[in-house]
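Coordinates in review
Letter by letter, the chains look like this.
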Amino acid sequence: MTHQYVLILDFGGQYNQLIARRVRECGVYCEVKPYNKMSVEDIKQLDPVGIIFTGGPQSVYGDGAPSISSEIFELSIPVLGICYGCQLMAHTLGGKVETCVTSEYGKTETEYDTSSLLFRGIDEKAVSWMSHTDYVSEIPQGFKNTARTENCPNAAFENAERKLYGIQLHPEVNHTQNGSKILHNFLYNVCGCVGDWTMENFAETQIKEIRERVGSGKVLLGLSGGVDSSVAAALLSKAVGSQLTCIFVDHGFMRKNEGDEVEEAFKDWDINFIRVNAKNQFMSKLNGVSDPETKRKIIGEEFIRCFEAEAKKIGTVDYLVQGTIYPDIIESGTGDAAVIKSHHNVGGLPDYVDFKEIIEPLRLLFKDEVRKLGQELELSDTLVWRQPFPGPGLAIRIIGEITDEKLTILQDADWIFREEIAKAGLDRGIHQYFAVLTSMRSVGVMGDGRTYDYTLALRGVTTTDFMTADFAKIPYEVLETCASRIVNEVGNINRVVYDITTKPPATIEWE
Ligand code: XMP
């Protein structure tokens with residue numbers, strides 16, 4: 001691909017993903033790699049325009065502390081060491097790292113030497129985010145000090161001639177005033193970046209590459225209506241048009257009107273779009289089943305059956321498209337075994353389909369970049385801004401046995417909740433929000449009569465990676481309107497509760 005490359009070497013810091021996001025926001029392509037999986041030779045091969053060392057939890061003197069060959073500093077490639085990364089740079093090049101007399105954590109008044117290329121154009125005094133118990137007490141020979149705080153005399157140091165920069169502070173964190181500017185300065189002033197990572201460029205090169213790769217071959221894609229598969233479909237349709245067949249298995253557990261919305265969104269595209277209406281098939285298999293794992297298993301298997309039956313009608317395909325995105329494949333952490341986030345899309349990899357190769361056109365992108373690409377490809381806002389939705393759909397948001405009646409109740413209640421969240425302007429701030437139909441009934445009173453109906457739970461979470469989550473602080477007035485509308489407009493619900501647990505210990509979904 002024809003764009004500049006910045007290598008981020010991961011030393012286990014908690015903000016490594018954030019650094020990558022910030023670099024890309026500056027219009028520069030970067031990848032995060034574990035420090036111990038990259039030899040100097042590998043780095044030379046990659047030919048990055050700059051290298052960033054992330055922070056990390058260890059002390060450079062600790063047992064088994066991450067280290068790096070000093071040769072990396074002889075490659076004439078600019079290096080920016082952040083936090084542990086700056087201590088490692090100092091330590092490797094002959095400086096000294098010691099335990100802080102007073103550790104710094106949080107917002108810290110910092111003084112910058114703005115004649116440094118790194119700090120050009122920023123305020124001489126500003127707040128930065130610090131999080132360290134070690135500090136660089138002596139900078140290596142040939143380096144000069146360029147920033148300080150009350151308890152950290154060498155908050156930044158550099159050897160401008162060798163293009164080596166160390167900063168104890170975290171420029172990637174929002175709390176660091178001018179943090180993005182500091183990263184921007186490193187990329188543009190020091191590494192000579194030109195900002196060639198744009199979605200327009202990406203779309204163009206991808207389309208061209210896919211066309212060349214696919215030739216006149218047949219391509220198959222499983223479409224769920226989620227952001228990733230929809231954007232992948234849009235990209236492929238621009239690249240190979242009617243050579244693409246999208247199979248959308250509608251299991252009947254989509255949110256209200258969602259199946260039709262997905263069909264509507266793709267109906268004018270120059271592709272083969274197949275919607276399989278399989279609700280009856282799924283419902284019959286789920287009849288009387290209430291155990292969550294059994295439900296999931298049945299849905300997963302049935303999904304594969306449907307997909308397979310349709311795929312067989314097409315015959316042999318040359319390429320299968322997967323909507324894998326960067327966080328799904330990224331090797332995070334620095335242990336020997338790479339941790340790969342497990343993601344559980346219904347369908348997974350259908351290994352029974354006869355295909356030659358897999359195409360993963362989004363594998364370099366973060367979620368927000370996938371959305372930008374969707375906009376670039378003129379995909380509708382409803383698809384681009386769709387919140388994550390579990391493969392088994394509402395089937396795992398109806399606690400216990402699924403019936404047609406419960407499905408309708410949940411679809412209607414969930415619809416009202418979503419409508420009110422959008423009205424309150426909260427739909428892009430809360431990362432996932434939905435209703436759950438519990439299996440609990442309780443006593444209520446409506447008019448003059450006693451009721452004995454279902455309890456509906458509302459759930460809203462904010463999260464960065466869906467591995468941990470906080471419950472969303474939805475204003476009481478919004479919740480009040482939702483509760484009142486749901487009880488009045490949807491039959492069979494007489495009580496609405498809001499889930500205020502975080503993940504962990506709870507999970508986002510209830511089943
Ligand atoms: P949990 O409930 O594990 O959910 O905290 C984390 C995120 O994953 C979604 N989720 C799924 N996504 N297939 C999916 O594609 C599934 O089976 C599935 N189960 C949970 C969930 O909605 C949340 O965003």
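Residues numbered from 1 in each chain as written. Predicted model: local features only at pLDDT ≥ 70, side-chain atom pairs only at ≥ 80, totals over all residues. Heavy atoms only, no water.

For strand β6 (residues 125–138), the tally of buried residues reaches 11 of 14 residues, placing the bulk of the element in the interior. Two strands pair when backbone bridges link them, and strand β5 (residues 96–112) and β6 are joined in this way by 12 bridges, in the antiparallel orientation. Note on β6: the bridge partner recorded for T110 is A126. (Buried < 20%, exposed > 50% of the residue type's maximum accessible area, 1.4 Å probe, protein only. Helix = DSSP H or I, 4+ residues; strand = E, 2+ residues; numbered from the N terminus. Pairing = 2+ DSSP bridges.)

Partitioning the protein chain into domains gives domain 1 (5–190), domain 2 (199–384) and domain 3 (397–498). A C-alpha centroid distance of 29 Å is found between domain 2 and domain 3. Contacts between domain 2 and domain 3 engage 16 residues on the former and 16 residues on the latter. Together, the buried faces of domain 2 and domain 3 total about 1300 Å²; carbon and sulfur atoms form 55% of this surface. Our count for the contact surface shared by domain 2 and domain 3 stands at 2 salt bridges. With a closest N to O distance of 2.9 Å, K279 and D404 form a salt bridge. In this assembly, domain 2 and domain 3 are joined by 6 residue pairs in polar contact (both at pLDDT 80 or more). When residues of the side of domain 2 that touches domain 3 are assigned to their parent elements, the largest contribution, 3 residues, is made by helix α8 (residues 279–286). (Domains from an automatic or database assignment. Contact = heavy atoms within 4.5 Å. Buried area = accessible area lost by both parts, 1.4 Å probe. Salt bridge = Lys/Arg side-chain N within 4 Å of Asp/Glu carboxyl O. Polar contact = N/O pair within 3.5 Å; in protein donor to acceptor, adjacent residues only side chain to side chain.)

So, about a negative patch on the surface. The grouping of E200, E204, E376 and E378 at the surface amounts to a negative patch. Mapped onto the secondary structure, E378 falls in the loop between α11 (367–376) and α12 (381–384). E378 sits in the exposed class, given a relative accessible area of 63%. (Patch = residues over 30% accessible without salt bridge, like charges linked within 9 Å, V, L, I, M, F, W, Y side chains within 5 Å. Areas by Shrake-Rupley, 256 points an atom, 1.4 Å probe, with all protein chains shown as cover. Lys, Arg positive; Asp, Glu negative; His and termini not counted. Charge placed at Lys NZ, Arg CZ, Asp CG, Glu CD.)

Taken in spatial order, the 5 strands line up as β12-β11-β10-β13-β14 in an open sheet, and their pairing is parallel. Every interior strand has two partners, whereas the edge strands, β12 (272–277) and β14 (357–359), have only one. Adjacent strand axes in the sheet meet at a mean angle of 25° when their direction is disregarded. Pairing geometry for strand β10 (residues 219–222) and strand β13 (residues 319–321), over 3 bridges, is parallel. If you follow V219 over to β13, its bridge partner there is Y319. (Axes fitted to C-alpha atoms, helices over the stretch in contact; angles between N-to-C directions.)

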